Amino acid sequence: MRSSNILNTIRLKNIINMIFPSILLVLLIMYYVNSHTYNIMFPIRTNKLSDLYSTYSQGYNYVNVTVDTLYDSGLDCVRNGKQVGRYYYAFENNYCYFFLISNKQLDSYVKKNGSSLSTLDNITVNAAIQNNPKVMHEIIAHVSHGLSWTHTGMDNSTSGYIISEPDFPFIKTLVIFIILLVLTIISALFILYSLVCICCPYLYKSVIKLRHYGKIREHIRLANDELKQDLLLNDGHFIITRNYLMIRSIDDFQIIPLNNIVWAYKFSSYRPFKYKNRKITYTLCIYGKHNVSLISPHNLKTNTDNVLECLHNHYPDILIGYSREYEHIAKLKM
């Protein structure tokens with residue numbers, strides 16, 4: 001067995017570790033590209049209501065718009081039995097534009113200007129451009145009656161969509177953006193770390209701990225040499241050579257020198273949703289000097305027993321089993 005075999009095991013594990021973060025990162029990038037997150041965080045700025053049509057046609061559903069005067073339609077917007085705002089309208093170039101202004105915005109306007117809400121002067125809002133024919137029909141019917149216009153005449157002179165300020169989801173989008181940004185950073189860091197470990201396996205988290213016991217490269221070289229010799233234990237997951245205890249599989253790799261192990265024990269865990277023969281699994285805990293540890297969960301009882309028995313037979317100074325006394329002694333030695 002060549003000295004590169006342990007290194008190849010580490011490389012293969014990190015390649016596998018990259019799969020899920022890479023898929024997640026691709027999905028996040030696709031979300032960023034196809035969502036309106038950027039448009040919501042940075043809405044299109046406009047002072048002309050006539051620009052809203054071209055803005056909406058280009059796929060920008062969220063705008064920051066300033067209007068000289070909004071007129072009260074006398075119509076409230078009620079959703080799920082709760083009033084969320086009031087409809088207003090404005091005119092530009094003989095066209096009518098309908099706005100839905102939230103109660104919060106109206107209260108803020110009154111506090112700032114100290115005037116009635118029959119008209120809103122020089123108001124700026126972040127809003128969503130919505131195409132809702134059913135609601136538009138109701139608003140046109142109400143406003144046209146109040147202005148003594150015919151329904152058809154009003155319908156032909158309206159923009160065809162609603163500029164809705166309550167439907168501008170800035171807070172929700174900001175929270176989602178922060179969560180997804182954190183996931184993106186974590187995924188990118190996982191991928192970067194795996195790439196580093198693929199290029200230089202000696203920096204892998206369970207291998208770099210060997211620096212407490214000497215040169216890492218020498219330990220790996222010696223461990224590879226011992227893997228070619230007779231093994232004290234090899235059950236397909238745990239390997240004990242003359243000087244090392246290793247977990248060596250595709251999904252895990254850990255290593256610790258036997259002469260630096262202070263304490264070893266196992267404990268059981270009940271897993272009710274696991275298939276029948278593996279509902280009870282065992283975690284092997286190995287603690288060495290300088291607070292180096294090897295923790296392996298979800299094992300069969302026979303596997304953990306074989307490891308503890310082998311350690312007890314060949315290294316009687318190692319504390320085997322859990323007790324408060326052993327825990328105290330181990331902390332002093334570690």
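Residues numbered from 1 in each chain as written. Predicted model: local features only at pLDDT ≥ 70, side-chain atom pairs only at ≥ 80, totals over all residues. Heavy atoms only, no water.

Peer 1: So what's going on with the sheet that holds strand S12 (residues 280-288)? Which residues, and what values?
Peer 2: In spatial order, the strands read S13-S12-S11-S14; together these four strands make up an open sheet with mixed pairing. Looking along the sheet, the strands with just one partner apiece sit at the ends: strand S13 (293-299) and strand S14 (319-320). As judged from the five bridges shared by S12 and S13, these two strands associate in the antiparallel manner. Bridged to Tyr 287 within S13 is Ser 293. Packing against the sheet, helix H11 (residues 301-314) makes contact with strand S11 (261-270), S12, S13 and S14, and its axis sits at approximately 165 degrees to S11. Against the sheet, helix H12 (residues 324-333) touches S11 and S14, its axis set at about 135 degrees to S11. (Pairing = 2+ DSSP bridges. Helix = DSSP H or I, 4+ residues; strand = E, 2+ residues; numbered from the N terminus. Contact = heavy atoms within 4.5 Å. Axes fitted to C-alpha atoms, helices over the stretch in contact; angles between N-to-C directions.)

Peer 1: For H11, give the residues involved together with the corresponding values.
Peer 2: When the terminal C-alpha atoms of H11 are compared, their 20 Å separation across 14 residues agrees well with the 20 Å that a helix rising 1.5 Å per residue should span. Here H11 has its buried residues at Asn 303, Thr 304, Val 307, Leu 308, Cys 310 and Leu 311. Looking down the long axis of H11, one finds its buried residues gathered within 160 degrees of arc, a one-sided arrangement. (Expected span 1.5 Å × (residues − 1). Buried < 20%, exposed > 50% of the residue type's maximum accessible area, 1.4 Å probe, protein only. Arc of directions from axis to C-beta.)

Peer 1: Could you give me a rundown of the pattern of salt bridges, with the residues and numbers involved?
Peer 2: On inspection of all chains with the given rule, the structure shows nine salt bridges. Across the pair Asp 167 and Arg 79 runs a salt bridge, and its minimum N-O distance is 2.9 Å. Here the residue Asp 167 occupies a position in the loop between strand S6 (158-164) and helix H8 (170-199), and Arg 79 occupies one in strand S2 (residues 62-79), the gap between them amounting to 88 residues. What makes Arg 79 partly exposed here is its relative accessible area of 33%. A salt bridge links Glu 218 to Arg 221, with the shortest nitrogen-to-oxygen separation between them at 3.2 Å. Pair noted here: Glu 218 and Arg 221 are both in helix H10 (residues 216-227), with a separation of three residues, about one helical turn. Sharing partners across several salt bridges, the network here consists of Glu 218, Arg 221, Asp 225 and Lys 228. (Salt bridge = Lys/Arg side-chain N within 4 Å of Asp/Glu carboxyl O.)

Peer 1: Describe the environment of Tyr 87, naming the residues involved and giving the relevant values.
Peer 2: Looking at where Tyr 87 falls in the secondary structure, it is placed in strand S3 (residues 82-92). Residues Tyr 87 and Ile 178, spaced 91 residues apart in sequence, show a C-alpha to C-alpha distance of 32 Å. Discounting chain neighbours no more than four positions away, the residues touching Tyr 87 are Tyr 71, Asp 72, Ser 73, Gly 74, Leu 75, Asp 76, Cys 77, Phe 99, Leu 100, Val 135, Ile 139 and Ile 162.

Peer 1: Summarise the nonpolar core; cite the residues concerned and give the values.
Peer 2: Counting 36 residues, the largest nonpolar core has Leu 245, Met 246, Ile 286 and Leu 311 as the members making the most contacts within it. Elements represented by at least two residues in this core include exactly helix H1 (5-17), H10, strand S8 (238-240), strand S9 (244-249), strand S10 (252-257), S11, S12 and H11. Setting aside chain neighbours within four positions, we find Leu 245 in contact with Ile 239, Ile 240, Gln 254, Ile 255, Ile 256, Leu 258, Ile 261, Ile 286, Leu 294 and Val 307. In this structure, Val 65, Val 67, Leu 70 and Ala 127 belong to the second largest nonpolar core, which totals 20 residues. (Core = buried A, V, L, I, M, F, W, Y, C linked by side-chain atoms within 4.5 Å.)

Peer 1: Describe the state of the cysteines, naming the residues involved and giving the relevant values.
Peer 2: A complete count under the given rule lists zero disulfides for this structure. Lacking any disulfide linkage, Cys 96 is separated from the closest cysteine sulfur, that of Cys 77, by 17 Å. Residue Cys 285 stays outside any disulfide, its sulfur separated by 18 Å from that of Cys 310, the closest cysteine. Given the relative accessible area of 3%, Cys 285 is considered buried. (Disulfide = S-S within 2.5 Å.)

Peer 1: Pulling in residues and values, what's your account of the packing of H1 against H8?
Peer 2: Running from amino to carboxyl end, H1 crosses H8 at an angle of 160 degrees, the nearest separation of the two axes being 9 Å. Looking at the two axes, H1 sits roughly antiparallel to H8. Our pair here, H1 against H8, has a crossing hand that is left-handed. Each of Arg 11, Asn 14, Ile 15 and Asn 17 in H1 lies in contact with H8, whose residues at this interface are Ser 194, Cys 197, Ile 198 and Cys 199. Taken together, the residues of the contact of H1 with H8 break down into four nonpolar, three polar and one charged. (Parallel < 35°, antiparallel > 145°, perpendicular 65-115°, else oblique. Left-handed = near helix turned anticlockwise from the far one by under 90°. Nonpolar A, V, L, I, M, F, W, Y, C, P; charged D, E, K, R; others polar.)

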